[in-house]
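# Reading the structure
Listed here are the chains, written in short residue letters.
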Amino acid sequence: VSLNQATLTNGNDSKKFKGDIRSPGVPSRVIHVRKLPNDINEAEVISLGLPFGKVTNLLMLKGKNQAFLEMNTEESAQTMVSYYSSVTPVIRNHPVFMQYSNHKELKTDNSPNQVRAQAALQAVNAVQTGNMSLSGVDGGSGAQSPVLRVIVENLFYPVTLDVLHQIFSKFGTVLKIITFTKNNQFQALVQYSDAVTAQHARLSLDGQNIYNACCTLRISFSKLTSLNVKYNNDKSRDYTRPDLPTGDSQPSLDPQTVAASAFTAPGIISAAPYAGAHGFPPTFAIQQAAGLSLPGVPAGALASLGVPGAAAAAAAAAAAGRLGLSSMSAGGNSVLLVSNLNPEAHHTCFLYFEGVYGDVMRVKILFNKKENALVQMADGTQAQLAMSHLNGQKLHGQTLRITLSKHTTVQLPREGHEDQGLTKDYSSSTLHRFKKPGSKNYSNIYSPSSTLHLSNIPPSVGEEDLKELFQSSGATVKGFKFFQKDHKMALIQMGSVEEAIESLIEFHNHDLGENHHLRVSFSKSTI
């Protein structure tokens, strides 16, 4: 999409700014950014401009999904508009459009909106000009060293040494990498040629997710200043010494470097959520991917990876981006408090409904408040996923309210103390979708929608059978289609999101005969 086309096709968005409906051809150091996502934060908008120069002011118009960004020079604004006219920037799946503004500079006031914008700008400038010590940026993590210690949390997909090398190489030459497992966590030591490069990589990548909602990077400086690698294999690599032997599968690492067992990852990610359809090779090569978006990575930081010499600015962008980026931790609380339930809701509602987002272990309906329930998921990440997708959805006519509980576990009643069946244990349920590490179900998690994805359909069951089944509960079926290449799968469109939710609860695991139990989940597609 060229900027001219964007202006023509999306001109209605700018009617309030009559002075800004124009060709991008008259340069100004103020850039008008449109079509921003609703939940955009200041740091993400700033990160769009950072690879091209210093951002000197920002005006957010959140209600209109727009912003004005002021660059320090007209030249840097021109570079930015020119670059993004050939590669449309994407923030959280939203293509974003920009053009020069009629304004030659921005004048801002002291409204709360502007105070936030100024705070974000100050944070970025402090990092860029080096006025802020590392401890000032994010709590400190030891003295600067060319060696980074990397912990990968929420390891739902195997992360290999090659994946790490591709990610960390975006910020400078990686000399050596050692991977290992310690305290049941996959960790790595990554050595750059100097501490400044290591600092840029750390500021850019710390707290980011490699894949959607999982494989979160936690990065600090190592106490080591150099790594001693003895073998080049899938656990350790010295890129300066291609002549090293491969050794056996267990590299004997120098004891003072690391004492840990080797991590045995089953090869490159095969079920990567961004492989294939989204244009990412499974090894996460970003490669000039300014127009592609990765979850958890500000689009501007990504864009900068394709702009020569912009690594430092990108690092600052990501540091600022963390002002508004949240990361989910598997170690967090896994118990949810679900309130405003309809009395019709039963334990299996949770097993099927919340089971779309994680494995439900236990459910307890509260004795004195039957409209409230505690639901324990397998881990904190699954609890966060369920909460973010289901809070505010309707079930049996009631709007659900879902928060993290203060309880860290759902207690089972003691033997001999029955609780009238209010507590159910599903820890050994055969219906869990995420038991296998790296389950492909992680890449098919979508918010509730009126279209359902059906699978495990036996050959003898046809379109009319399935429509009849879903209509039997009183719901409306608006559309249906089998997958062309695979009649074991189909899409069915219900009359509303609420009907789709109730149909999923009703018919997930429904016995279709021939030893086939129907699998139902939400789809991102429409018919």
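Summary of the structure given here. The structure displayed is predicted, hence computed values, not measured ones. (Residues numbered from 1 in each chain as written. Predicted model: local features only at pLDDT ≥ 70, side-chain atom pairs only at ≥ 80, totals over all residues. Heavy atoms only, no water.)

### Looking at the overall build of the chain
Selection criterion: Each helix corresponds to a stretch of at least 4 residues labelled H or I by DSSP, and each strand to a stretch of at least 2 residues labelled E; elements are numbered beginning at the N terminus. Exposure categories follow from relative accessible area, calculated using a 1.4 Å probe and restricted to protein chains: below 20% of the type maximum is buried, above 50% is exposed, and the middle band is partly exposed. In what follows, a contact means two residues having at least one pair of non-hydrogen atoms within 4.5 Å. Only the protein chains shown count as covering a residue, and every accessible area follows the Shrake-Rupley method with a 1.4 Å probe.
Broken down by element type, the chain carries 13 helices and 23 strands. By the burial criterion, 51% of the 527 residues in the chain qualify as buried. Considering only residue pairs separated by 6 or more positions, the chain has 70% of its internal contacts joining residues 24 or more positions apart. For the chain, the exposed area adds up to about 23700 Å²; of that, 49% sits on carbon and sulfur atoms.

### Brief notes about the sheet that holds strand β21 (residues 477-482)
In plain terms, the rule: DSSP-based pairing: two strands are paired if at least 2 bridges between them are found. Helix axes use the C-alpha atoms of the stretch in contact, all axes being lines fitted to C-alpha atoms, and the angles between their N-to-C directions lie in the range 0 to 180 degrees.
In spatial order, the strands read β21-β22-β20-β23; together these four strands make up an open sheet with antiparallel pairing. With partners counted over all chains shown, the strands left at the sheet margins are β21 and β23 (519-522), one partner each. Averaged over neighbouring strand pairs, the angle between their axes works out to 20° when direction is ignored. As defined by bridge partners, strand β20 (residues 451-455) adjoins strand β22 (residues 490-494) across four bridges and the pair is classed as antiparallel. Paired with His 453 across the two strands is Leu 491, which belongs to β22.

### Examining helix α7 (residues 195-205)
Those residues of α7 lying buried are Thr 197, Ala 198, Ala 201, Arg 202, Leu 203, Ser 204 and Leu 205. Within two residues after α7, Gly 207 carries a phi angle of roughly 90°, on the positive side.

### What to know about the packing of aromatic side chains
Quick reminder of the rule: Geometry of aromatic contacts follows a simple scheme: Phe, Tyr and Trp rings, the Trp one being its six-membered ring, pair when their centres are within 6.5 Å, and the pair is stacked under 30 degrees between planes, edge-to-face over 60, tilted otherwise. Put simply, a charge is over a ring when the Lys NZ or the Arg CZ is close to the ring centre, within 6 Å, and near the line of the ring normal, within 35 degrees.
In total, this model carries two aromatic pairs according to the counting rule given. Here Phe 480 and Phe 482 contribute two aromatic rings whose centre-to-centre distance is 5.1 Å and whose plane-to-plane angle is 85°, an arrangement assigned as edge-to-face. The pair formed by Phe 480 and Phe 482 is uniform in burial state, with each residue classed as buried. Over the face of the ring belonging to Phe 367 we find Lys 370, whose NZ or CZ atom lies 4.9 Å from the ring centre.

### Digging into the pattern of salt bridges
Rules: Salt bridges are defined as contacts in which a side-chain nitrogen from Lys or Arg sits within 4 Å of a carboxyl oxygen from Asp or Glu.
Summed over all chains, the structure comprises eleven salt bridges. With a shortest N-O distance of 3.1 Å, Glu 463 and Lys 467 are connected by a salt bridge. With Glu 463 and Lys 467 both in helix α12 (residues 463-471), this residue pair falls four residues apart, about one helical turn.

### Quick look at the nonpolar core
What counts is decided by this rule: The nonpolar core is taken to be a set of buried Ala, Val, Leu, Ile, Met, Phe, Trp, Tyr and Cys residues, with the residues joined through side-chain atoms within 4.5 Å.
The biggest cluster of nonpolar side chains holds 82 residues, and the ones touching the most others in it are Phe 168, Leu 452, Leu 454 and Phe 470. Excluding residues within four positions of it along the chain, Phe 168 makes contact with Leu 148, Val 150, Val 174, Val 190, Tyr 192, Ala 201, Leu 205 and Ile 219. Ranked by size, the runner-up nonpolar core spans 27 residues in total, among them Val 45, Phe 52, Leu 58 and Tyr 100.

### What about the sheet that holds strand β14 (residues 360-365)?
Here five strands make up an open sheet; going across it, the order is β18-β13-β15-β14-β19 and the pairing antiparallel. Edge strands, defined here as strands with exactly one partner in the open sheet, are β18 (401-404) and β19 (423-425). This sheet shows a mean twist of 20° between the axes of neighbouring strands, independent of strand direction. Pairing of strand β13 (residues 335-339) with strand β15 (residues 373-377), which is carried by four bridges, proceeds in the antiparallel orientation. Its bridge partner lying in β15, Val 335 is registered against Gln 376. In the packing of helix α11 (residues 380-390) onto the sheet, contacts are made with β13, β15 and β18, and the angle to β18 comes to roughly 155°.

### Some details on the pairing of β13
Most of β13 sits inside the fold, with four of its five residues counted as buried. Both β13 and β18 contribute to a ladder of four bridges, which runs antiparallel. Bridged to Val 338 within β18 is Ile 402.

### A short note on the side chain of Ser 76
So the rule is basically this: Polar contacts, as used here, are pairs of N or O atoms within 3.5 Å; protein pairs need one atom able to donate a hydrogen and one able to accept it. Residues neighboring in sequence count only if both atoms are side-chain atoms.
Mapping Ser 76 onto the fold places it in helix α3 (residues 74-86). A polar atom in the side chain of Ser 76 sits 2.9 Å from the backbone oxygen of Thr 73. Residues within four places of Ser 76 in sequence aside, it is in contact with Phe 52, Gly 53 and Met 71.

### Here we look at the environment of Gly 358
Mapped onto the fold, Gly 358 is located in the loop between α10 (347-353) and β14. Remark: the alpha-carbon pair of Gly 358 and Leu 385, spanning 27 residues in sequence, is separated by 7.6 Å. In contact with Gly 358, other than residues within four places in its own chain, are Met 377, Gln 382 and Phe 434.

### Some remarks on unusual backbone geometry
Even without glycine at this site, Asn 340 takes up a positive phi of about 65°. Residue placement: Asn 340 occurs in the loop between β13 and α10. You can call Asn 340 partly exposed: its relative accessible area is 33%. With phi around 65°, Asn 456 is a residue other than glycine that occupies positive phi space. Position of Asn 456 among the secondary structure elements: in the loop between β20 and α12.

### With respect to the environment of Asp 194
For Asp 194, the position within the fold is in the loop between β9 (185-192) and α7. Sequence separation between Asp 194 and Val 174 is 20 residues; the distance between their C-alpha atoms is 9.9 Å. Within the local environment of Asp 194, its side chain forms a polar contact with the side chain of Ser 193, the two groups lying 3.1 Å apart.

### Remarks on the environment of Phe 483
Its place among the elements puts Phe 483 in the loop between β21 and β22. In this structure, the C-alpha to C-alpha distance between Phe 483 and Ser 455, residues 28 residues apart in sequence, is 9.9 Å. Apart from the residues lying within four places of it in its own chain, the contact partners of Phe 483 are His 453, Met 489, Ala 490 and Leu 491.

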